[in-house]
Amino acid sequence: MSSTSTDPRVTGTRKAPGKGVTLSWSDPRLRAIVWQVVIVGLIGAGIWYLVSNTAANLEQRRIATGFDFLGTVAGIPIGEHLVPYDPSVNTYGRAVLVGILNTLMVTVVGVVLVTLLGTAIGIASLSDNWLLSRLCAVFVEVMRDVPLLLHLLFWYALLLTLPPVREAMMVLPGLFLSNSGLKVPLLVWEPAHSFAMLALMAGAIATWLAGRRATRIQHATGVRPKVWPVAVVALVVVPVGVWALLGAPFTLEMPVKGRFRFAGGGLISPEFMALMIGLVLYHAAFAAEIVRSGILAVPSGQWEAGGALGLKRGTMLRQIVLPQALRVIIPPMTSTYLGVAKNSSLAVAIGYPDLVSIVGTTLNQTGQAIEGIALIMAVYLTISLSISLFMNWYNARLALVER
Amino acid sequence: MSTATTTHISVPGREQPPMLVAGPVAWARANLFNSIGSSLVTLALAYFLLKYAASFIDWAFIKSVWTVPMDPATGKLDPTACRAAKGTGACWAVIWDKYRFILFGRYPFEEQWRAAIVVVLFIGLFVTSAMRRFWRRELALIWVATLTAIFVLMWGGVFGLRYVPQDEWGGLPITLILSTFGLACAFPIAVLVALGRRSTNLPAVKLLCVIYIEVIRGVPLISLLFMASVMFPLFMPEGLNPDKLLRAQVAIILFAAVYLAEVIRGGLQALPKGQYEAADALGLSYWKKMGLIILPQALRLVIPPLVNTFIGFFKDTSLVLIIGIFDLLTSGKVAVADPIWQAFSTEVYIMLGLIYFCFCFSMSRYSRGLEREFSKSVRR
């Protein structure tokens, strides 16, 4: 291109304007330097002022700085933890780790559910069934015009008005809903299950490889070999076979209703449920609007071309419209995902032990406000940047290759 | 279905009765029952809609309790009727008892007319600003005058009004003050930051703006509010301790400025390069170029997304609940902490939801209308 060109008109035979800075106020380069020095100086002075105030205040209140407090025993009881945690033994560092894992779990589950529900509602709101599209529009308006925090408080209050354990409702056999949460049957985990899971993961990789191979052959010959037999064998037959060979163990630990509590089974707490319901309904409304406008952004000629090929509406949507709509959808969807991650911090209002709530308790107990908030910000910045990086990579992969 | 239409077109002698071509039946056939799948969806949705709407109406209006009698012994309301209807009917008596507290918080009871006027003034200010007829310089004066009047009314202490300290304010006025004042202050900052991020010959300023935007966008608003409530006192010199509301306001301004700046940057980028070049060709200085040529066009382009950002911030001000500021949501939550009404929080939250919904829904309708109007003028 232009950098390799040897055209004299491009490389220029005229002398470039002088590079030196003249000491005159009419020289834009001098002005730029002076302005930058002034602005950076002012902001630097402001920051220095705040930092020196902080240092003086800390010294006066005898607050020690540093992250040493993470090594002391926490004593914060935490209801839900993904890693073993005992408040009388474990440290603040461990408690913070529990909080980070809880935040990550809420974010991951939330993003998946928001994507599924948002896409479904976004597509349904474009249906030619009047009732369906109206209902979707009403859902979107109602859900997104109410603050998320109110959503959480509302759903939490509603879940707490459920009957007590003694009168727990049986939603499905083995599934009990009461004001202390949702009791679910647990699978008794045996080595056979682990091996089956390993086989499933290997199968997923094999299917993915087969799909890539099929695309390569399709590009070379124009005929796409069938992938689904490989998928069925790798994803269903082999894992089930492994599980059956190892004796096909399958025992469910059913919750048994007692007078005040259940015995056995797993528990989904009302805090987690309220947080999930609120987060997902709120953000799915935004995601639905994004999906809807993304599909509308695809020119109608694409639908008509699909129709001219005799494709069914569902096939057109999946094969022609959605892949093109994705290019419009991904950037705003990224901000919705970031919103899910950041708004999961509202869990503190209903007492779900996420990162903000645990660090909040920590800084109340230890007084290490600066370190605590720095910790919160660092973790969320990391999560946000990871989501952004991943979505930017995905977006770049999907982007129209322009020549 | 499709055969019916073909018959209709190909045999002119046997025209369809008008009822099947126009009118509600034809409409239902085209929009509700145009295929087997669609008919099934319609029937299923109609079934659930009727079932749940009926039980909701039953709960909210028919089996509900609207007022409860006063207990003569204690002088308090007696919620026995509500307890009896619990689970089958709503208890709107809680709203009847608490609506003044929910709307105006702990503002002195006999002075609450002032808070009510403040709410009316705010709504008037929004309506005036929304009308394009008033989009000129004088609008800024109206804003300054109204905001001054609002703070005079809230604080009092002059014109014979009783002085009400700031920690007694609460409810809807706080929500409106936090969002309106926050956006009004954040907007100029946002314009400067957006210009800074777009500047080509001030790399240091650009870097500062990028860091500011990306850091604030990457963290939740709660962490900033925590910072405002816990760390802000440490930043200040000895003896200077701004009140809690002001500290939260600063956090909201810093947060809002970033999101507004990104929207404005979008407008700056969408403007054709020719406009910048034309301004340069006229020899305008940077500020004249931006103030007279670029910003008026760029801001106009982004009014609809700006309104959407406003809606987001109006809702996000409710987060101050977590640091204990008495906004609308907090006063609702405190109202249901009353032992008499503890079991009836759903009703109060529905009312709060309705209030937020009214504000946000009218803003979003307005933004859609503007969008349509602008796209019309662009197409012309």
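Residues numbered from 1 in each chain as written. Chains lettered and ligands numbered in written order. Predicted model: local features only at pLDDT ≥ 70, side-chain atom pairs only at ≥ 80, totals over all residues.

### Focus on the overall build of chain A
- Along its length, chain A carries 12 helices and 8 strands.
- The C-alpha atoms of chain A give 29 Å as radius of gyration, which overshoots the globular expectation for 403 residues (22 Å, by more than 25%).
- Expressed as lengths along the three principal axes of its C-alpha atoms, the size of chain A is roughly 90 × 75 × 50 Å.
- For chain A, with 403 residues in total, the buried portion stands at 29%.
- Looking at chain A alone, contacts between residues at least 24 apart form 65% of all its contacts between residues at least 6 apart. (Helix = DSSP H or I, 4+ residues; strand = E, 2+ residues; numbered from the N terminus. Rg over C-alpha atoms; globule rule 2.2 N^0.38 Å. Buried ≥ 20, exposed ≤ 12 C-beta atoms within 10 Å, placed from the backbone. Contact = placed C-beta atoms within 7 Å.)

### Brief notes about the domain arrangement of chain B
- Domain boundaries assigned for chain B yield domain 1 (1-29) and domain 2 (110-379).
- Relative to domain 2 of chain B, the C-alpha centre of domain 1 of chain B lies at a distance of 55 Å. (Domains from an automatic or database assignment.)

### Re the confidence of the model for chain A
- Counting all residues, the mean pLDDT for chain A is 84, and 93% of those residues have values of 70 or more.
- Contacts of residues 1-5 of chain A to residues separated by more than four positions or lying in other chains number 2 contacts, the stretch itself having pLDDT below 50. (pLDDT = per-residue confidence, 0-100.)

### Structural notes on the interface of chain A and chain B
- The interface is formed by 46 residues belonging to chain A together with 44 residues belonging to chain B.
- Broken down by secondary-structure element, the contributors of at least two residues to the side of chain A that touches chain B are helix 2 (28-61), helix 4 (130-144), helix 5 (148-160), helix 10 (313-343), helix 11 (355-366) and helix 12 (369-398) of chain A.
- Classifying every residue of the side of chain A that touches chain B gives 33 nonpolar, 9 polar and 4 charged. (Nonpolar A, V, L, I, M, F, W, Y, C, P; charged D, E, K, R; others polar.)

### Examining the packing of helix 10 of chain A against helix 12 of chain A
All names here are of chain A.
- For the pair helix 10 and helix 12, the least separation of the axes is 10 Å and the interaxial angle reads 170°. What the angle tells us is that helix 10 and helix 12 run roughly antiparallel. In this structure, helix 10 uses Leu 326, Arg 327, Ile 330, Pro 331, Thr 334, Tyr 337, Leu 338, Ala 341 and Lys 342 to contact helix 12, whose residues at the interface are Tyr 380, Ile 383, Ser 384, Ile 387, Ser 388, Met 391, Tyr 394, Asn 395 and Leu 398.
- Across the contact of helix 10 with helix 12, the residue classes break down as 12 nonpolar, 4 polar and 2 charged. (Axes fitted to C-alpha atoms, helices over the stretch in contact; angles between N-to-C directions. Parallel < 35°, antiparallel > 145°, perpendicular 65-115°, else oblique.)

### Let's talk about the pairing of strand 2 (residues 175-178) of chain A
Residue and element names in this part refer to chain A.
- Side chains Phe 176 and Ser 178 of strand 2 all project onto a buried face; the interleaved residues Leu 175 and Leu 177 project onto a face where none is buried.
- Where strand 1 (residues 169-172) lies against strand 2, 3 bridges are found, and the strand directions are antiparallel. Across the sheet, residue Leu 172 finds its bridge partner in strand 2, namely Leu 175.
- Here strand 1 folds back onto strand 2, and the loop between the two strands holds 2 residues, one of which, Gly 174, carries a positive phi near 90°.
- Relative to strand 3 (residues 181-184), strand 2 is paired through 3 bridges, and the arrangement is antiparallel. Residue pairing for strand 3: Phe 176 is matched across the bridge by Lys 183.
- The antiparallel pairing of strand 2 with strand 3 creates a hairpin that spans 2 residues between the two strands. (Pairing = 2+ DSSP bridges.)

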